[in-house]
Amino acid sequence: MTTMKSIAEMTKVALRKDLTPGTSKAVEAGGQKILLVYAGGDYFALDNRCSGCGGELQDARVSVGMLSCARCPSMYYYRHGGVKRAPAAEPLKAYQLRYDSEAIYVGPEKGIKIKEHKVVTKETPIKW
Ligand code: FES
């Protein structure tokens, strides 16, 4: 297993025309597997490894505010990587991202602290 290197600088990882709204794309920067998400009129960069059972997320479904793992029921908030639904347990790392009229650049991990979200499980009582 290759050791994960930190992203020290902004790296050009894709062209804006490579993504259409509501889609994602697997890229690599600094030896890290990253998922670019284009949704809600903006771009987001997250770890491309599901914390549910370790699968890659490039086949995940992008919907309003959410990224749904294609393999199991895990769901994440694509804006910051927080967990919405188990079996995912850990949030996805979110990376700094810049874009210009043509390209998308990814940089070091964002330093934001994710506010704890209530993870929805089968046992969670649903209040109508
Ligand atoms: S790979 Fe299993 S929850 Fe995502």
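Preceding this section is the structure that the text describes.
The text that follows walks through the structure, step by step, so that each part is easy to find. (Residues numbered from 1 in each chain as written. Predicted model: local features only at pLDDT ≥ 70, side-chain atom pairs only at ≥ 80, totals over all residues. Heavy atoms only, no water.)

**Section: the sheet that holds strand β6 (residues 66–68)**
Okay, so step 1: A sheet is described by the order of its strands in space; here four strands give the open sequence β5-β6-β7-β8, paired in antiparallel fashion. Sheet topology places β5 (61–63) and β8 (83–85) at the edges, where each strand pairs with a single neighbour. The mean inter-strand angle of the sheet, taken between neighbouring strand axes irrespective of direction, is 30 degrees.
Okay, so step 2: Pairing analysis gives two bridges linking strand β7 (residues 75–77) to β8, with the strands arranged antiparallel. Bridging from a neighbouring strand, M75 pairs with R85 of β8. (Pairing = 2+ DSSP bridges. Helix = DSSP H or I, 4+ residues; strand = E, 2+ residues; numbered from the N terminus. Axes fitted to C-alpha atoms, helices over the stretch in contact; angles between N-to-C directions.)

**What about the environment of L15?**
Okay, so step 1: When you line up the elements, L15 lands in strand β1 (residues 11–15).
Okay, so step 2: Put simply, L15 and S101 are 86 residues apart on the chain and 9.1 Å apart in space, counted from C-alpha to C-alpha.
Okay, so step 3: With sequence-adjacent residues up to four places away left out, L15 is seen in contact with E102, A103 and I104. (Contact = heavy atoms within 4.5 Å.)

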